[in-house]
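Inside the fold
The lines below spell out each chain.
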Amino acid sequence: DRRAPPKREGKPPLVGVVTQGYYSKYNFHGLSSWPQIQFVEDKQEFSRFPTKAGRRSLSRSISQSSTDSYSSAASYTDSSDDETSPRDKIQVNSKGTNDFCVKNIKHAEFGRREIEIAEQDMSALISLRKRAQGEKPLAGAKIVGCTHITAQTAVLIETLVALGAQCRWTACNIYSTQNEVAAALSEIGVAVFAWKGESEDDFWWCINKCINMEGWQPNMIIDDGGDLTHWVYKKYPNGFKKIRGIVEESVTGVHRLYQLSKAGKLCVPAMNVNDSVTKQKFDNLYCCRESILDGLKRTTDVMFGGKQVVVCGYGEVGKGCTAALKAMGSIVYVTEIDPICSLQACMDGFRVVKLNEVIRQVDIIITCTGNKNVVTRDQLDRMKNGSIVCNMGHSNTEIDVASLRTPELTWERVRSQVDHVIWPDGKRVILLAEGRLLNLSCSTVPTFVLSITATTQALALIELYNAPEGRYKQDVYLLPKKMDEYVASLHLPTFDAHLTELSDEQAKYLGLNKNGPFKPNYYRYTFPC
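Residues numbered from 1 in each chain as written. Predicted model: local features only at pLDDT ≥ 70, side-chain atom pairs only at ≥ 80, totals over all residues. Heavy atoms only, no water.

Spelled out, the test is: UniProt positions are given in the numbering used here, feature names are shortened, and annotations may be inferred rather than shown by experiment.
In the annotation of an unreviewed UniProt entry, the entry for the protein reads S-adenosyl-L-homocysteine hydrolase NAD binding domain-containing protein, and the organism field reads Oncorhynchus mykiss. Looking at the Sequence similarities (unreviewed entry) heading of the UniProt record, one finds this comment for the protein: "Belongs to the adenosylhomocysteinase family."

Spelled out as structure tokens, the structure:
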């Protein structure tokens, strides 16, 4: 094993939808006839919900992913500015209402500026707002949401309000809330219960406050991770039956919906936004291609040229990460379990290896598999001094961080989201965001990509809310290709792109409608790196 150099005095240097519903005029196809994703054979049972006892020491009950990333670096406020819990404060907005719980309502002006900046790169969502707000397609909708509360999410929330909905919102992650944005939303009357740095007890308290309001019964859910859905399902079963639709955008949340459906316990229709082309391909690939470099640079100031990097997983996230690192001159290895993804990696110019084959020589390890224990304690023990370990997957289970919290290892906080884990021989491994999601933990994500996802979410909510009774059964539905194409078309003007139109003869030859959809549901889009 390579041993670390002797310790130096002082601080060590940091190593460098829809046809028959409301949007029939857009020729969307009804969703009930579209094939559904097969259930994952997973017999995992949902855990019990935490109680107040042992608040911080309890592991997350339903989903670890809700605590799996810190807030964006682009936040004016910091949770350390005021140690007083928002639950212990009495705050009132300028309208005299106090139906919210945020860090500091006085920072609303800063949040409004953040939202205005985000709006500039979310023109498609703003366009949808302007087209539909006169008709108020969500009038009467009472939406309860549990997502990351950022400036981009605020644009979505304000769009839903403009379309007629009443909204109450909480955060799906205890560290991802931008406090000033939460304050800005609370200032305009949206009931927000979230702040950066919540405890686990705070997390569940905020969810419950969103749901449990006298005289207010939610009829729509928008979720990221499944915690809100399962809290309502477990704690308010009668209220759950009154929900008209659920929109879920994450891998984890969709998986849990299919579990409920398979068990016969899903009593409301749900939309699987995660597997829409415009979300999975664009959000996962293009977003991560940019944010991986941003997160690593902000935290470590590392130079990528010549560095040996192993990316665990070659799905859409892995493809984005490897493309960015390769372009910066890094020597990139890939680990994979899927022979098809492995062949893709080989054809893209990457060497596919087992992690143990390169663990002693690599400078950076990036996980993006969605699995658990991808990097184990034994492998961390064999990494060389100064190596960087981080995660781009959904949850913090990919790196065995728990095994590093032992008496023989020393943790040294270098800066926000950056820790040195020091071995007895002096070896240091740089762990970013404690193994949580890097891009939301240590940097920001591109607003334009989030606009694509948010537009899809808004359309899914509109369709479910306006669908006639009986169109959707108590099951999980995929979004139709036509909705994906419509969302994409809304974003093309940003690039001054001009679509070619089929002639009648060409459309007849191909057997297509001139207005789409242009690809069958089974078509697999190929996205080059």
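More follows now that the structure is in view.
**A word on the overall build of the protein**
The condition is simple: Counting from the N terminus, the helices are DSSP H or I runs at least four residues long and the strands are E runs at least two residues long. Residue exposure ignores everything except the shown protein chains as possible cover, and the areas themselves are Shrake-Rupley values with a 1.4 Å probe.
Along the protein, the regular secondary structure elements total 17 helices and 15 strands. Total accessible area computed for the protein in this model is approximately 23400 Å², and 49% of it derives from carbon and sulfur atoms.

**So, the nonpolar core**
The condition that has to hold: In this description, a nonpolar core means a group of buried Ala, Val, Leu, Ile, Met, Phe, Trp, Tyr and Cys residues linked to one another through side-chain atoms lying within 4.5 Å. Each residue is assigned to one of three classes by its accessible area relative to the maximum for its type, calculated with a 1.4 Å probe on protein chains only: buried under 20%, partly exposed between the two thresholds, exposed over 50%.
Within the largest apolar cluster, 58 residues are counted, with the highest numbers of intra-cluster contacts made by Leu 138, Ile 143, Ile 149, Leu 160, Trp 169 and Val 192. Breaking this core down by element, the ones donating at least two residues are helix 1 (108-120), helix 2 (123-132), helix 3 (151-162), strand 2 (166-171), helix 4 (179-187), strand 4 (220-223), helix 15 (447-466) and helix 16 (481-491). Tallying contributions element by element places helix 15 first for this core, with 10 residues. By size, the runner-up hydrophobic cluster in this structure holds 32 residues, among which are Trp 204, Trp 231, Ile 246 and Val 254.

**Quick word on the sheet that holds strand 15 (residues 476-478)**
The line we're drawing: A strand pair is defined by DSSP finding two or more bridges across the two strands. Axis geometry follows a simple rule: fit a line to the C-alpha atoms, using only the stretch in contact for helices, then measure angles between N-to-C directions, giving values from 0 to 180 degrees.
Reading across from one edge, 3-2-1-4-5-6-15 is the order of the seven strands in this open sheet, with parallel pairing throughout. Unpaired on one side and paired on the other, strand 3 (191-193) and strand 15 mark the two borders of the sheet. Each strand axis lies, on average, 20° off the axis of its neighbour in the sheet, ignoring direction. Across three bridges, the pairing between strand 6 (residues 270-272) and strand 15 is parallel. Bridging from a neighbouring strand, Met 271 pairs with Tyr 477 of strand 15.

**Some remarks on unusual backbone geometry**
Put simply, Gly 516 and Pro 517 share a cis peptide bond, and its omega is 0°. The phi angle at Glu 434 is positive, at roughly 55°, despite the residue not being glycine. Residue Asp 496 is not a glycine yet carries a positive backbone phi of 55°. For Asp 496, the location among the structural elements is in the loop between helix 16 and helix 17 (504-510). Classification of Asp 496 as exposed rests on a relative accessible area of 54%.

**A few points about the pattern of salt bridges**
Counted only if it meets this: Note on definitions: salt bridges are taken to be side-chain nitrogens of Lys or Arg within 4 Å of carboxyl oxygens of Asp or Glu.
Counted according to the given criterion, the structure contains 20 salt bridges. The shortest N-O distance in the salt bridge between Arg 415 and Asp 301 comes to 3.7 Å. With Arg 415 in strand 12 (residues 410-415) and Asp 301 in the loop between helix 9 (277-300) and strand 7 (308-312), this pair connects stretches of sequence that are 114 residues apart. Classification of Arg 415 by relative accessible area gives partly exposed; the value is 31%. We note a salt bridge from Glu 412 to Arg 428, for which the minimum N-O separation is 3.0 Å. Linking Glu 412 in strand 12 with Arg 428 in strand 14 (residues 428-432), this pair joins segments that are 16 residues apart in sequence. Given a relative accessible area of 26%, Glu 412 falls into the partly exposed group. Note on Arg 428: relative accessible area 14%, which makes it buried. One salt-bridge network, held together by shared partners, links Arg 405, Arg 413, Asp 419, Glu 434 and Arg 436.

**Considering the packing of aromatic side chains**
Inclusion rule: Under the pairing criterion, centres of Phe, Tyr and Trp rings, with the six-membered ring standing for Trp, must be within 6.5 Å; the plane angle then separates stacked pairs below 30 degrees from edge-to-face pairs above 60, leaving the rest tilted. Lysine and arginine charges are scored as sitting over a ring when NZ or CZ, respectively, is within 6 Å of the ring centre and within 35 degrees of the ring normal.
Enumeration according to the criterion identifies nine aromatic pairs in this entry. Between Phe 203 and Trp 204, the ring centres sit 4.9 Å apart and the planes meet at 85°, which makes this aromatic pair edge-to-face. Aromatic pair Phe 448 and Phe 495: ring centres 5.2 Å apart, planes at 80°, arrangement edge-to-face. Taken as a pair, Phe 448 in helix 15 and Phe 495 in the loop between helix 16 and helix 17 lie far apart in primary sequence, 47 residues in all. Given the relative accessible area of 15%, Phe 448 is considered buried. An aromatic cluster is present here, built from Phe 193, Trp 195 and Trp 205 joined pairwise through their rings. Across from the ring centre of Phe 350, 5.1 Å away, lies the NZ or CZ of Lys 326, which sits over that ring.

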